[in-house]
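# Chains, contacts and geometry: an overview
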Amino acid sequence: MSLTLDQVKKVAALARLELPDADLAKMADQLNAILGYVDQLASVNTDGVEPLAHPLPVQNVFREDVPVPSLPVDAALQNAPVRLADFFGVPAVFDTDEPVSH
Amino acid sequence: MSLIEKTATELLALQASGQATAAQIADAFLAAIKAREPKVKAFLLVDEAAVRQQAEAVDAKRKSGAKLGKLAGVPVAVKDVLCTKGVRTTCSSKMLEHFVPPYDAHVVERLKAEDAVLIGKTNMDEFAMGSSTENSAYQQTTNPWDTTRIPGGSSGGSAACVAACEAPVSLGTDTGGSIRQPAALCGIVGVKPTYGRVSRYGLIAFASSLDQVGPFAHDVTDAALMMEVIAGHDRRDSTSVDQPVPEYTKSLNTPVKDLRIGIPKEFFDEGLDPEVGKIIEASLKQYEALGAKRVPISLPIGSKFAVAVYYIVATAECSSNLARFDGMHYGHRTKTKADLIATYSKTRGEGFGKEVQRRIMLGTYALSSGYADQYYHKALKVRRLIKNEFDAAFGQCDVILGPTSPTPAFKLGEKTDNPLAMYLSDIYTISCNLVGIAGMSIPCGFTAGRLPVGLQLLSPAFDEDRMFRIARMYESATDWHTKRPVV
């Protein structure tokens with residue numbers, strides 16, 4: 001089975017990736033080559049096999065709930081693309097007349 | 001032999017005996033960097049003043065009579081995927097071009113606590129995705145043995161700088177072979193620790209169930225010393241295991257008696273460069289001469305399907321991990337004014353390079369509704385079968401030996417247009433990450449064209465101490481680890 005251009009567009013939208021239209025065909029070809037190789041997994045009999053998501057036999061790890069110092073506000077905000085007071089400045093989520101910050 | 005060709009262990013001895021100061025050592029390596037970087041291009045950042053300051057602080061501490069750390073005055077290069085407080089950390093991505101971490105990675109804290117001198121940040125494939133360091137957004141690192149060839153990847157800068165004697169030791173990360181493969185191609189030692197042996201705190205995540213931090217060094221002794229420093233529990237990484245760290249350097253020179261070396265027949269099938277095969281065969285004979293016994297083993301599922309499993313598991317995890325790069329809290333944000341969703345998409349379209357985008361796409365698809373069973377869940381089941389296969393193999397042998405890479409270093413540009421061919425260059429290293437065991441590559445010879453070849457050792461989980469002893473057996477009978485390229 002191979003990915004169509006429309007499917008590639010849909011996956012790009014899911015991944016929040018804006019790809020130039022000119023790149024889509026090449027991306028589709030490369031993904032299809034990789035998926036073609038990956039499809040050989042279908043030939044392995046995995047009936048009754050438990051999935052292995054993680055190599056360690058640990059499930060949940062607990063510790064005492066003891067407060068420790070967090071990053072100071074200025075340190076946490078030092079890489080913010082836009083800082084507004086003590087907050088991260090982001091484009092408006094809802095329709096608004098307020099200017100969008102960038 | 002000049003200072004820059006010394007090992008970390010030798011540099012520590014020279015300082016202890018008063019034959020060299022940390023400042024002299026730092027100056028020697030800074031001079032090497034100045035002279036060799038135009039060709040090698042291993043470093044993204046070297047702050048000379050900060051390097052000298054750290055070295056002088058070590059000398060002052062020594063003068064004061066205070067107890068010094070295990071790496072006092074030893075320059076250490078750090079892959080640019082590890083956060084360094086106040087020092088730019090880019091992951092070789094435009095996405096993090098101006099990112100200055102507000103904290104240190106756990107391993108960086110450990111280096112500082114042991115008085116190491118952080119000499120610089122090294123180039124890599126963007127977000128550690130690649131096998132040649134050609135996916136860096138900034139520069140092309142070359143192989144110090146032949147600068148028309150790739151150094152391997154993704155930790156290409158950390159491997160090349162040690163091979164080129166620009167630093168005696170360095171840190172890299174290994175998700176599918178990203179320490180062992182460049183170590184092999186650059187003729188040095190590289191260690192992928194057991195999953196959970198080293199904290200991943202402050203390591204910018206690629207695939208969280210596979211990533212581990214590990215050292216590069218000229219020899220096994222230095223690699224073991226580095227492991228003593230970076231291994232151990234850290235409450236900030238819930239997958240770091242609370243288990244005592246052995247003093248690897250103490251046991252190192254005790255050979256393993258009645259050593260059984262497992263030789264997977266599939267590692268010598270077609271796909272292996274015949275010249276590399278001959279060199280590996282010679283190193284197996286060397287082990288036999290040291291009293292080891294060969295145990296023929298078979299890893300049919302891992303050898304055939306590990307790459308396919310990896311490119312589903314790793315891309316699925318990366319598509320999730322890299323969702324954090326949305327231009328809101330740190331990193332690149334598009335200059336184009338748009339609504340929130342379009343701002344995400346434009347930011348990520350502009351900030352990520354081609355290979356990163358390809359992997360995010362693949363992982364998103366493998367996890368998407370309607371395809372997750374066919375791809376992601378299927379891959380996890382085959383992953384379990386590969387683990388079972390390794391568990392059974394380690395019932396018959398102490399260590400699994402074979403080539404680290406199917407070929408020596410290839411030419412720059414040779415595989416950049418064929419992602420699948422590039423992925424297959426990790427065929428021998430990938431299973432180790434999928435099953436979470438320890439592995440390392442040690443230098444074991446050169447091709448006729450004077451390119452280094454690496455021997456891979458795979459060991460059961462948390463068996464690093466014995467793995468280092470086995471590696472040291474070979475090393476003490478050979479002199480490949482003493483070779484340095486003419487740069």
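The coordinates are above.
What you are looking at is a predicted structure, and each value in this text was computed from that prediction instead of being measured.

Rules of the game
- Residues numbered from 1 in each chain as written.
- Chains lettered and ligands numbered in written order.
- Predicted model: local features only at pLDDT ≥ 70, side-chain atom pairs only at ≥ 80, totals over all residues.
- Heavy atoms only, no water.
- Helix = DSSP H or I, 4+ residues; strand = E, 2+ residues; numbered from the N terminus.
- Rg over C-alpha atoms; globule rule 2.2 N^0.38 Å.
- Buried < 20%, exposed > 50% of the residue type's maximum accessible area, 1.4 Å probe, protein only.
- Polar contact = N/O pair within 3.5 Å; in protein donor to acceptor, adjacent residues only side chain to side chain.
- Contact = heavy atoms within 4.5 Å.
- Axes fitted to C-alpha atoms, helices over the stretch in contact; angles between N-to-C directions.
- Parallel < 35°, antiparallel > 145°, perpendicular 65-115°, else oblique.
- Left-handed = near helix turned anticlockwise from the far one by under 90°.
- Nonpolar A, V, L, I, M, F, W, Y, C, P; charged D, E, K, R; others polar.
- Expected span 1.5 Å × (residues − 1).
- Arc of directions from axis to C-beta.
- 1 Å grid on protein atoms, 1.4 Å probe; cavity = no way out; pocket = protein on both sides within 12 Å on 5 of 7 lines; lining within 4 Å.
- Points joined across faces, edges and corners; volume = space filled by probe spheres on them.
- Pairing = 2+ DSSP bridges.
- Phe/Tyr/Trp six-rings, centres within 6.5 Å; stacked < 30°, edge-to-face > 60°.
- Lys NZ or Arg CZ within 6 Å of the ring centre and 35° of its normal.
- Buried area = accessible area lost by both parts, 1.4 Å probe.
- Salt bridge = Lys/Arg side-chain N within 4 Å of Asp/Glu carboxyl O.

For the rest of this paragraph, the subject is the overall build of chain A. Secondary structure assignment for chain A yields three helices and two strands. In chain A, the succession of helices and strands from N to C terminus is α-α-α-β-β. The C-alpha radius of gyration of chain A comes to 23 Å, more than 25% above the 13 Å expected for a compact globule of 102 residues. The buried share among the 102 residues of chain A stands at 31%.

This paragraph deals with the side chain of B:Thr90. All names here are of chain B. Positionally, Thr 90 belongs in the loop between strand S2 (75–79) and helix H4 (106–113). Looking at Thr 90, its side chain comes within polar contact range of the side chain of Asp 80, at 2.6 Å. Discounting residues that sit within four places of it in the chain, Thr 90 has contacts with Leu 44, Asp 80, Leu 96, Glu 97 and Tyr 138.

So, on to the packing of helix H2 (residues 21–38) of chain A against helix H12 (residues 354–367) of chain B. Direction vectors running N to C along H2(A) and H12(B) enclose 60°, while the axes themselves pass 11 Å from each other. By the criterion of interaxial angle, the relationship of H2(A) to H12(B) is oblique. Both H2(A) and H12(B) take part in a crossing whose hand is right-handed. Within the contact between the two elements, H2(A) uses A:Asp23, A:Met27, A:Gln30, A:Leu31, A:Ile34 and A:Leu35 and H12(B) uses B:Lys354, B:Gln357, B:Arg358, B:Met361, B:Leu362 and B:Tyr365. Among the residues making up the contact of H2(A) with H12(B), the classes are represented as seven nonpolar, two polar and three charged.

A separate point is the environment of B:Ala366. In this structure, B:Ala366 sits in helix H12. Apart from the residues lying within four places of it in its own chain, the contact partners of B:Ala366 are B:Ile312, B:Tyr371, B:Ala372, B:Tyr375 and B:Tyr376.

What follows concerns helix H9 (residues 274–289) of chain B. Note on helix geometry: an α-helix contains 3.6 residues per turn, so any two residues three or four positions apart are oriented the same way. All names here are of chain B. Counted at 1.5 Å a residue, the expected span for H9 with its 16 residues is 22 Å, and the 23 Å between its end C-alpha atoms agrees. For H9, the set of buried residues is Val 276, Gly 277, Ile 279, Ile 280, Ser 283, Leu 284 and Tyr 287. Viewed end-on, H9 has its buried residues packed into an arc of 165°, placing them on one side of the element. Residues of H9 that are exposed and angled more than 90 degrees away from the buried face: Pro 274, Lys 278 and Ala 289. On the buried face of H9, the contacting elements are strand S7 (260–264), strand S8 (293–297), strand S9 (399–403), strand S10 (438–446), strand S11 (452–459) and helix H16 (464–476). A distance of 2.8 Å separates the backbone nitrogen of Glu 275 from a side-chain oxygen at the start of H9, and that oxygen is part of Asp 273.

Residues and elements named next belong to chain B. Under the criterion given, the structure shown has four cavities of 30 Å³ or more. Of the volumes computed, that of the largest cavity is approximately 60 Å³. Around the largest cavity, the lining comprises 13 residues; the ones closest to its centre are Gly 130, Ser 178, Tyr 310, Arg 359 and Asp 426. For the lining of the largest cavity, the per-class residue count stands at five nonpolar, six polar and two charged. In this model, the second largest cavity occupies a volume close to 50 Å³. Trp 145, Ala 163, Cys 186, Gly 187, Ile 188, His 218, Trp 480, His 481, Lys 483, Arg 484 and Pro 485 are the residues that line the second largest cavity. Taken together, the residues that form the lining of the second largest cavity break down as six nonpolar, three polar and two charged.

All names here are of chain B. Where helix H2 (residues 22–40) meets helix H3 (residues 48–64), the axes come as close as 8 Å, and the angle between the chain directions of the two elements is 160°. By the criterion of interaxial angle, the relationship of H2 to H3 is roughly antiparallel. Between H2 and H3 lies a crossing whose hand is right-handed. Listed contacts from H3 to Ala 22, Ala 23, Ala 26, Asp 27, Leu 30 and Lys 34 of H2 are Glu 48, Val 51, Arg 52, Ala 55, Glu 56, Val 58 and Asp 59. Taken together, the residues of the contact of H2 with H3 break down into seven nonpolar, no polar and six charged.

All names here are of chain B. What the largest pocket holds in volume is close to 470 Å³. Around the largest pocket, the lining is made up of 23 residues, and of these Cys 83, Tyr 103, Ile 204, Arg 324 and Tyr 330 lie nearest the centre. For the lining of the largest pocket, the residue count by class is 15 nonpolar, three polar and five charged.

This part covers the pairing of strand S6 (residues 212–217) of chain B. All names here are of chain B. In terms of residue burial, S6 counts as a mostly covered element, since six of its six residues are buried. Taken together, the six bridges between strand S4 (residues 169–174) and S6 define a ladder with antiparallel strand orientation. Bridge pairing in S6 links Asp 174 to Gln 212. In terms of strand pairing, strand S5 (residues 189–192) meets S6 through two bridges, oriented antiparallel. Looking across to S6, one finds that Gly 190 is bridged to Phe 216.

Glancing now at unusual backbone geometry. All names here are of chain B. In this chain, Gly 153 is followed by Ser 154 through a cis amide linkage whose omega measures 10°. Tracing the chain through its elements places Ser 154 in the loop between strand S3 (117–122) and helix H5 (156–163). Backbone geometry at Ala 128 places phi at a positive 70°, although glycine is not the residue there. Checked against the element boundaries, Ala 128 lands in the loop between S3 and H5. For Ala 128, a relative accessible area of 5% corresponds to the buried category.

Residue and element names in this part refer to chain B. For the coordinates displayed, the defined rule picks out 16 aromatic pairs over all chains. When the centroid spacing of 6.4 Å and the interplanar angle of 45° are considered together, the rings of Phe 390 and Phe 394 count as tilted. Residue classification places Phe 390 among the buried residues on the basis of a relative accessible area of 2%. Residue class for Phe 394 comes out buried when judged on its relative accessible area of 15%. Its end group placed over the ring of Phe 410, Lys 415 keeps NZ or CZ at 4.3 Å from the ring centre.

The partner chain A presents 57 residues to the 69 residues of chain B that form the contact. Roughly 5500 Å² of surface becomes buried between chain B and chain A when both sides are summed, with 68% attributable to carbon and sulfur atoms. Looking at the side of chain B facing chain A, the largest losses of area belong to B:Arg333, B:Met361 and B:Tyr365, adding up to 12% of the total buried there. At the junction of chain B with chain A, the criterion picks out three salt bridges. The salt bridge involving B:Asp417 is made with A:Lys26; its shortest N-O contact spans 3.7 Å. Counting every contact that joins chain B to chain A gives 19 residue pairs in polar contact (both at pLDDT 80 or more). For the side of chain B that touches chain A, the elements supplying multiple residues, two or more each, are helix H10 (300–321), helix H11 (340–351), H12, helix H13 (373–393), helix H14 (419–424) and helix H15 (430–435) of chain B. For the side of chain B that touches chain A, the element with the most residues is H13(B), which contributes 11 residues. Split by residue class, the side of chain B that touches chain A holds 35 nonpolar, 18 polar and 16 charged.

Geometric values such as these leave the question of function open.
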